[in-house]
Protein chains: 2
Amino acid sequence: VATTDVLAYQLIRRKRDGESLEPGELAGFLRSFHDGAVPDYQMAALLMAIYFRGMSPSELRTLVQVIIESGRVVDFAGEPGSRVDKHSTGGVGDKVSLVLAPLAACVGVQVPMMSGRGLGHSGGTVDKLESIPGLRMDLSLETFRSQVLELGLALISQTQEIAPLDGRLYSLRDVTATVESIPLMASSIMSKKIAEGIDALVLDIKVGDGAFLPEEERALELARTMIAIGEEYGRGVVALLTAMDRPLGRAIGNALEVAEAVDALRGGGPPDLRDVSIALTAEMMVLGRVVASVAEGKERAAAALDDGRALDRFRRVVEAQGGDARVLDDLDRLPRAPIRRTVVAERAGRVLSMATRSLGEAAVTLGAGRAALGESVDPRVGFVLAVGVGEAVAAGQPLCEVHAADEASAERAVEAVRTAVTIGTGDAGLRPLLSHRVTAAGVEILA
Amino acid sequence: VATTDVLAYQLIRRKRDGESLEPGELAGFLRSFHDGAVPDYQMAALLMAIYFRGMSPSELRTLVQVIIESGRVVDFAGEPGSRVDKHSTGGVGDKVSLVLAPLAACVGVQVPMMSGRGLGHSGGTVDKLESIPGLRMDLSLETFRSQVLELGLALISQTQEIAPLDGRLYSLRDVTATVESIPLMASSIMSKKIAEGIDALVLDIKVGDGAFLPEEERALELARTMIAIGEEYGRGVVALLTAMDRPLGRAIGNALEVAEAVDALRGGGPPDLRDVSIALTAEMMVLGRVVASVAEGKERAAAALDDGRALDRFRRVVEAQGGDARVLDDLDRLPRAPIRRTVVAERAGRVLSMATRSLGEAAVTLGAGRAALGESVDPRVGFVLAVGVGEAVAAGQPLCEVHAADEASAERAVEAVRTAVTIGTGDAGLRPLLSHRVTAAGVEILA
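### Some words on the sheet that holds strand S11 (residues 398–404) of chain B
Residue and element names in this part refer to chain B.
Okay, so step 1: The strand order across the open sheet formed by 4 strands is S6-S9-S11-S7, and the pairing between neighbours is antiparallel. The sheet terminates laterally at strand S6 (251–252) and strand S7 (339–344), the two strands that pair on one side only.
Okay, so step 2: Of the pairings in the sheet, the one linking S7 to S11 comprises 6 bridges and is antiparallel in character. Note on S11: the bridge partner recorded for Arg 341 is Val 402.
Okay, so step 3: Running at roughly 20° to S7, helix H16 (residues 407–420) makes contact with S7, strand S9 (382–385) and S11 of the sheet.

Put into structure tokens, the structure is as follows:
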């Protein structure tokens, strides 16, 4: 049903006044927007009204359904195995997907992973993976599907074939300050995941200064909203709240993060990256009915990192997608920045905090991310932290290595790191790395 | 200062989060919207955020100032006398301007009256006056100014020369459900009035089912907001809250309302129309320093209706603006509808209520108003009520005469009147005709 100007007005008005729109009404509005009959300014007004009023379960379901139906749906019906993906709300140094995807695939979960590019202070998986020379992520949906079935993993970048309405809505939300709406975020993520063919989904919801939704309560609300949508669609959803009050791991920047992820796939790497990757993979294994318990999943996932199976699976996927798999054995083949500068501690003490969002923004300024859609990124640049938050340092001890394209940007980045890192005495007061586990049954405090 | 896309986003976000924008920031956003640099969808999002968050006094002042500066300002500086206008929030059968404007002019207040067309269930002064054959309301601002000084009254329709930004904002609000925002309404009205050259303003804020803001509390908030803007600009503002839980007077429809207004200018007409017109005129006289008290103003205004001075002043203004003043002596010269139908009471009892908004909407359906901007109106059609709310009726007694362009629309209107009028036993529970008087000093309960 097409929505006329007058009807669109009435629907905006009713939403503004806190009413829940009927499925047919909201679907008509959305489809008419997608067709171009409802103009951007009416959708912008509706989105802002939704920001303030929220969405009812029925509205949420309608929004997800119309977004799914705006594009193609990858259909795995009748195929053996379970398809489980992971979604992260994004953070600084979050390269978990690069570790978790091949890890989950090699222990028996099929991972149809569609990823985005970085925007703002947080990086994107597509940008990171494209540091690997030759790797193609613009697979056709047919190739994507068959590779998931064959290798247990395909890595694809977001395509306008899947949920194109979400792309149009996101572009508008991005310029109208309506991104940070829990129901709009939840429906955007869930519709794309359902369309990519998942049976279940694991959420990594970051909490803390470097997260998109820094507050725990909002993170929990997002988790509950996505779980509710999953229940409507018969998709199991489990969410873990993980710490983003400091960067994850030590590397920030695309090629630098690939190198760190490969370290983790070799059984090494920073403990926090390994722990989060294993915890999330174990949840995927439970949801995919590969194991009966999270504990069993963790054990098997750890073993697959340590014995090389995860790295091997990554190698096969990289090769299948045209990438130069030699980088996995020789990380020096990754793009390297010409300028390196070491930031040292100006005083002895404990690293009490790192302004995580600021570090992410400093990485964008170096060229590792983009401030606006469509900008290109420099795979080489970023930071490698030499210490973690909570560790003691001596005066003059290296805190961080800056990888930069030129002296001027290196200088700015050094300053940004100095400003971001606080050294003092006392307790760093960090969040637990894994703090909450949210399922349809409720919230479990992990630490 | 131009506002870029990114800056616009930040301002929308801060407004969304309840911050007050700095004058330079908000002014930049508004000017960039007016110039076309900020697109409609960003303004729509800001307007909806303002709907939910309101505006600070500083933001309100900035909005009014930028709207004023977007166009020309009529300057009466140094001219003798005081310019005082009246604004009504609009209702059903509200032809007060037609009585009050010549009345105020003939007792010594200069009235620079810029009016709008009707939209939705409430009529517009321009549509009503254009029922008078030949009357031109598209005066140049120069003619407008000199006629105000010469005759004490000029009647002009809204022009893009005055406050064009308001026109752009209103068009967008009208389709994005952001019309009913107190600060946006107040700033829209006040900026146009200040630009038309007033020294002071009297507000007629309608309350009840047929009003734009039916609730008393919202009406009082609008009054207070407009008084506060007036204080910023050194313009005295007084508001009267008047009843719109029933139509004002007996006539609804353009030529029919002109006829009723002429009756009032002859010293006759319905008592409620006369009382409201005199009360508002008396406030204009006090604000214009023509009299020292409202009581004195009422006395002098009543006399000017009864002795023919008000009608004489209207005649001179109609003639000056090219209208056929013979209609004022022979109301049969007004456009007349070909079809008349009488609606009679189906039972005896008391008229307990008339669904006022519904009657207004039925008049639009007859052709007396417009559902969308740009539609033309039929000056001939409408209703003349034969009884008022609260009056006793016998079965078969006429309730209303329908004036229609054709049989089919007459039939629909008859049904609409039957549905709108409730006859029964008990008390009608009407609002006092004049309930509150609001000034900078506070609220005075009148009845």
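### Focus: the interface of chain A and chain B
Note on interface size: it is often stated as the accessible area lost on association of the parts.
Okay, so step 1: In this complex, chain A contributes 23 residues to the contact, which on the side of chain B involves 23 residues.
Okay, so step 2: Buried area between chain A and chain B, both sides added, is near 2000 Å², and the carbon and sulfur share of it is 67%.
Okay, so step 3: Area buried by chain A at its contact with chain B is led by Arg 16, Tyr 41 and Phe 52 of chain A, which between them contribute 32% of it.
Okay, so step 4: Where chain A packs against chain B, one counts 4 salt bridges.
Okay, so step 5: Among the salt bridges present, the one from Arg 13 of chain A reaches Glu 180 of chain B, with a minimum N-O distance of 2.6 Å.
Okay, so step 6: Taken together, chain A and chain B are joined by 10 residue pairs in polar contact (both at pLDDT 80 or more).
Okay, so step 7: For the side of chain A that touches chain B, the secondary-structure elements that each account for two or more residues are helix H1 (5–16), helix H3 (40–53) and helix H8 (164–176) of chain A.
Okay, so step 8: If one sorts the elements of the side of chain A that touches chain B by residue count, H3 of chain A sits on top with 10 residues.
Okay, so step 9: Here the residues of the side of chain A that touches chain B are counted per class, giving 12 nonpolar, 3 polar and 8 charged.

### Comments concerning the confidence of the model for chain A
Okay, so step 1: For chain A, the average pLDDT comes to 95, and 99% of its residues sit at 70 or higher.
Okay, so step 2: Across the interfaces of the predicted complex, the ipTM metric reaches 0.86, alongside a pTM of 0.88.

### Structural notes on the pattern of salt bridges
Okay, so step 1: Summed over the entire model, instances satisfying the criterion amount to 86 salt bridges over all chains.
Okay, so step 2: Between Glu 19 of chain A and Arg 14 of chain A there is a salt bridge, with the nearest N and O atoms lying 2.9 Å from each other.
Okay, so step 3: Accessibility expressed as a relative area gives 24% for Arg 14 of chain A, which makes it partly exposed.
Okay, so step 4: A salt bridge links Glu 346 of chain B to Arg 418 of chain B; the nearest nitrogen and oxygen atoms lie 3.4 Å apart. In this pair, Glu 346 of chain B sits in the loop between S7 and strand S8 (349–354) while Arg 418 of chain B sits in helix H16, placing the two residues 72 residues apart along the sequence.
Okay, so step 5: A relative accessible area of 64% places Glu 346 of chain B in the exposed class.
Okay, so step 6: Using a relative accessible area of 33% as the deciding quantity, one classes Arg 418 of chain B as partly exposed.

### Side note on helix H14 (residues 309–320) of chain B
Residue and element names in this part refer to chain B.
Okay, so step 1: Helix length check: H14 (12 residues) gives 17 Å between terminal C-alpha atoms against 16 Å at 1.5 Å per residue, within 8%.
Okay, so step 2: All buried positions along H14 are accounted for by Ala 310, Leu 311, Arg 313, Phe 314, Val 317 and Val 318. Along H14, the residues classed as buried sweep out an arc of 160° about the axis, all on the same side.
Okay, so step 3: Looking at the buried positions of H14, the neighbouring elements they touch are helix H5 (96–106), helix H6 (125–129), helix H7 (141–151), strand S3 (153–157), helix H11 (254–265) and helix H13 (294–306).

### What about the environment of Leu 155 of chain A?
All names here are of chain A.
Okay, so step 1: Topologically, Leu 155 is positioned in strand S3 (residues 153–157).
Okay, so step 2: Taking the C-alpha atoms as reference points, Leu 155 and Pro 112, 43 residues apart in sequence, are found 7.0 Å from one another.
Okay, so step 3: Dropping the residues within four chain positions of it, Leu 155 is found in contact with Ala 101, Met 113, Leu 129, Arg 136, Met 137, Leu 139, Phe 314, Val 317 and Gln 321.

### With respect to the side chain of Asp 85 of chain A
Residue and element names in this part refer to chain A.
Okay, so step 1: Relative to the helices and strands, Asp 85 is located in strand S1 (residues 84–88).
Okay, so step 2: Residue classification places Asp 85 among the buried residues on the basis of a relative accessible area of 0%.
Okay, so step 3: A distance of 2.7 Å separates a polar atom in the side chain of Asp 85 from a polar atom in the side chain of Lys 193.
Okay, so step 4: Contact partners of Asp 85, with chain neighbours within four places excluded, come to Val 111, Pro 112, Met 113, Met 114, Lys 193, Glu 196, Ile 198, Ala 200, Leu 201, Val 202 and Met 284.

### Comments concerning the nonpolar core
Within soluble globular proteins, side chains that are nonpolar generally end up buried alongside one another.
Okay, so step 1: Among the nonpolar cores identified, the biggest contains 136 residues, and Met 43 of chain A together with Met 43 of chain B are the most heavily contacted of them.
Okay, so step 2: Apart from residues no more than four positions distant in its own chain, Met 43 of chain B is found in contact with Phe 29, Leu 30, Phe 33, Val 38, Leu 169 and Leu 172 of chain B.

### Here we look at the packing of aromatic side chains
Okay, so step 1: Following the criterion strictly, the structure yields 3 aromatic pairs over all chains and no others.
Okay, so step 2: Ring geometry for Tyr 51 of chain A versus Phe 52 of chain A: centroids 5.4 Å apart, planes at 80°, classification edge-to-face.
Okay, so step 3: Seen from their ring centres, Phe 52 of chain A and Phe 52 of chain B are 4.4 Å apart, and the 10° between their planes marks the pair as stacked. Of this pair, Phe 52 of chain A sits in helix H3 while Phe 52 of chain B sits in helix H3 (residues 40–53), placing the two residues on different chains.
Okay, so step 4: What makes Phe 52 of chain A partly exposed here is its relative accessible area of 23%.

### Considerations on the environment of Leu 100 of chain A
Okay, so step 1: Inspection of the secondary structure puts Leu 100 of chain A in helix H5 (residues 96–106).
Okay, so step 2: Those residues in contact with Leu 100 of chain A that sit more than four places away from it in its chain are Lys 86, Met 113, Ser 277, Leu 280, Thr 281 and Met 284 of chain A.

### Here we look at the relation of the copies chain A and chain B
Okay, so step 1: The two copies are related by a screw operation: chain A maps onto chain B through 179° of rotation and 0.0 Å of translation along the axis, at an RMSD of 0.1 Å. Overall, the copies show the geometry of a two-fold rotation axis. For chain A, the minimum C-alpha distance to the rotation axis belongs to Tyr 41 of chain A and amounts to 2.0 Å.
Okay, so step 2: Counting the interface residues of chain A, we find that 100% of their copies in chain B are interface residues as well, pointing to one common contact surface.

### Some points on the sheet that holds strand S4 (residues 200–207) of chain A
Residues and elements named next belong to chain A.
Okay, so step 1: In space, the 5 strands of this open sheet follow the order S1-S4-S5-S13-S14, with mixed pairing throughout. Among the strands making up the open sheet, the edge pair consists of S1 and strand S14 (442–445). Adjacent strand axes in the sheet meet at a mean angle of 20°, parallel and antiparallel pairs treated alike.
Okay, so step 2: Two elements, S4 and strand S5 (residues 236–243), share 8 bridges in a ladder whose sense is parallel. Bridge pairing links Ala 200 to Gly 236 in S5.
Okay, so step 3: Relative to S4, helix H12 (residues 271–287) is tilted by about 150°, and along the sheet it contacts S1, S4, S5 and strand S13 (434–439).

### Brief notes about the pairing of S9 of chain B
All names here are of chain B.
Okay, so step 1: Bridge analysis of S6 against S9 gives 2 bridges, and the strand direction is antiparallel. Residue pairing across strands places Ile 252 opposite Phe 383, the latter belonging to S9.
Okay, so step 2: Strand direction decides the pairing type here: S9 and S11, joined by 4 bridges, are antiparallel. By the bridge assignment, Val 384 is partnered in S11 with Glu 401.

### Points about unusual backbone geometry
The phi angle of most residues is negative, glycine excepted, and most peptide bonds adopt the trans form.
Okay, so step 1: Positive phi is not limited to glycine here, since Ala 177 of chain A has a value of about 55°.
Okay, so step 2: With respect to the element layout, Ala 177 of chain A can be found in the loop between H8 and helix H9 (182–195).
Okay, so step 3: Classification of Ala 177 of chain A by relative accessible area gives buried; the value is 0%.
Okay, so step 4: Despite not being glycine, Arg 289 of chain B has its phi angle at roughly 60°, a positive value.
Okay, so step 5: Looking at where Arg 289 of chain B falls in the secondary structure, it is placed in the loop between helix H12 (271–287) and H13.
Okay, so step 6: Of the residues examined, Arg 289 of chain B reaches a relative accessible area of 75% and is grouped as exposed.

### Thoughts on the pairing of S1 of chain A
All names here are of chain A.
Okay, so step 1: Burial of S1 is extensive: 5 of the 5 residues sit out of reach of the surface.
Okay, so step 2: Across the two faces of S1 the burial is the same, with Val 84, Lys 86 and Ser 88 and Asp 85 and His 87 all buried.
Okay, so step 3: In terms of strand pairing, S1 meets S4 through 5 bridges, oriented parallel. Bridge pairing in S4 places Val 84 opposite Ala 200.

Definitions and cut-offs
- Residues numbered from 1 in each chain as written.
- Chains lettered and ligands numbered in written order.
- Predicted model: local features only at pLDDT ≥ 70, side-chain atom pairs only at ≥ 80, totals over all residues.
- Heavy atoms only, no water.
- Pairing = 2+ DSSP bridges.
- Helix = DSSP H or I, 4+ residues; strand = E, 2+ residues; numbered from the N terminus.
- Contact = heavy atoms within 4.5 Å.
- Axes fitted to C-alpha atoms, helices over the stretch in contact; angles between N-to-C directions.
- Buried area = accessible area lost by both parts, 1.4 Å probe.
- Salt bridge = Lys/Arg side-chain N within 4 Å of Asp/Glu carboxyl O.
- Polar contact = N/O pair within 3.5 Å; in protein donor to acceptor, adjacent residues only side chain to side chain.
- Nonpolar A, V, L, I, M, F, W, Y, C, P; charged D, E, K, R; others polar.
- pLDDT = per-residue confidence, 0-100.
- Buried < 20%, exposed > 50% of the residue type's maximum accessible area, 1.4 Å probe, protein only.
- Expected span 1.5 Å × (residues − 1).
- Arc of directions from axis to C-beta.
- Core = buried A, V, L, I, M, F, W, Y, C linked by side-chain atoms within 4.5 Å.
- Phe/Tyr/Trp six-rings, centres within 6.5 Å; stacked < 30°, edge-to-face > 60°.
- Least-squares fit on C-alpha atoms with pLDDT ≥ 70 in both.

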